[in-house]
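Next come the chains, spelled out residue by residue.
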Amino acid sequence: MSHLVQWCQKGYVSIFSIGYDQKHIMIKKIISAVLVCAFGILLFGCGSSEKVQMQEAKEVVADYFEDLKSAQFDKASDYVSSDYKDPLRLEEIEPALSGLMLGMNASMNTGEEFKKSFHQFMDVVMNQIVNTYDIEKAKWQKEGVVDVQVNFEGKDLASFDPADLDEDANTYMESYLVENQDRLTALYEEKGEQEAYKVILDELSKPLFELLEKHVKEDLPDITYKVRLRVEKQNDEWLITKSEIMN
């Protein structure tokens, strides 16, 4: 009996040991699986966060360039920080043109037709600043900071020179004055120099500004810019804080 007991005890211990080893291996497998999952989630979470931030930054840049493309500079300014400085100085073009219009109106007493034609010309110029754009890539720098590289094409407005049109403009004005000499002389004698001058500007403005528009659209060369924009998350809002011309 003692031998049987001993044999049973040995058998029980052996079975128990096998069971214990199997449980131990199973626990190790479970722990390993949990660690692998946790590590994978950690890696995936970080990568996912970077991808999300890059996508959000690219969307802000796209919205910014869409507004530039449609010459909505006021709306475009919503996507930049208060201390943002544009190296291309695009935001200065509209105020400069508006200031020119005010100056011309004050010095020449322009009429409504002239103002209308000038604003149409200004819209044409503004819409040539960005014709096409392509968001080339985004690079995550650190939490809440992404660099976005953009290529965009527009007209080289710096090469615009109204003097290039002097010959055509002078030819048209001379023809206009010859054809309307009697009428303009009578207007001058009846209502004075200022009124006659206003009528002349109004009547000349549409064809002359159309000539300028055609020059801007067809004659000015296209220019491509490559820029890198720094986009940062400030108070839960992505804003363009800096840009750098790369070409």
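A brief look at the structure comes next.

## Comments concerning the side chain of Asp202
- In this fold, Asp202 is placed in helix α7 (residues 193-219).
- For the buried Asp202, no salt bridge is present, and the opposite-charge side chain at shortest range is Lys198, 6.8 Å distant.
- Within the structure, the side chain of Asp202 is placed 3.4 Å from the backbone nitrogen of Gly111, a separation counted as a polar contact.
- Leaving out residues up to four positions away in the same chain, Asp202 has contacts with Gly111, Glu112, Glu113 and Phe114.

## Quick word on a negative patch on the surface
- A cluster of like negative charges, contributed by Asp161, Asp164, Asp166 and Asp219, occupies part of the molecular surface.
- Here Asp219 shows up in helix α7.
- A relative accessible area of 48% means that Asp219 is categorised as partly exposed.

## As for unusual backbone geometry
- One non-glycine residue, Ala71, lies in the positive phi region at around 60°.
- Within the fold, Ala71 resides in the loop between α1 (2-69) and α2 (73-76).
- Even without being glycine, Asn235 reaches a positive phi, approximately 55°.
- For Asn235, the position within the fold is in the loop between β3 (222-234) and β4 (237-245).

## Comments concerning α7
- Helix length check: α7 (27 residues) gives 36 Å between terminal C-alpha atoms against 39 Å at 1.5 Å per residue, within 8%.
- Of the positions making up α7, those classed as buried are Ala196, Val199, Ile200, Leu201, Asp202, Leu204, Ser205, Phe209, Leu212, Glu213, His215 and Val216.

## Details of the sheet that holds β3
- With antiparallel pairing, 4 strands are arranged side by side in an open sheet as β1-β2-β3-β4. Pairing within the sheet leaves two strands with one partner each, and these edge strands are β1 (132-142) and β4. Across the sheet, the mean angle from the axis of one strand to that of its neighbour is 25°, orientation sign disregarded.
- With 8 bridges connecting them, β3 and β4 associate as antiparallel partners. Opposite Gln234, over in β4, you have Glu237 as the bridge partner.

Conventions used here
- Residues numbered from 1 in each chain as written.
- Predicted model: local features only at pLDDT ≥ 70, side-chain atom pairs only at ≥ 80, totals over all residues.
- Heavy atoms only, no water.
- Helix = DSSP H or I, 4+ residues; strand = E, 2+ residues; numbered from the N terminus.
- Buried < 20%, exposed > 50% of the residue type's maximum accessible area, 1.4 Å probe, protein only.
- Lys, Arg positive; Asp, Glu negative; His and termini not counted.
- Salt bridge = Lys/Arg side-chain N within 4 Å of Asp/Glu carboxyl O.
- Polar contact = N/O pair within 3.5 Å; in protein donor to acceptor, adjacent residues only side chain to side chain.
- Contact = heavy atoms within 4.5 Å.
- Patch = residues over 30% accessible without salt bridge, like charges linked within 9 Å, V, L, I, M, F, W, Y side chains within 5 Å.
- Areas by Shrake-Rupley, 256 points an atom, 1.4 Å probe, with all protein chains shown as cover.
- Charge placed at Lys NZ, Arg CZ, Asp CG, Glu CD.
- Expected span 1.5 Å × (residues − 1).
- Pairing = 2+ DSSP bridges.
- Axes fitted to C-alpha atoms, helices over the stretch in contact; angles between N-to-C directions.

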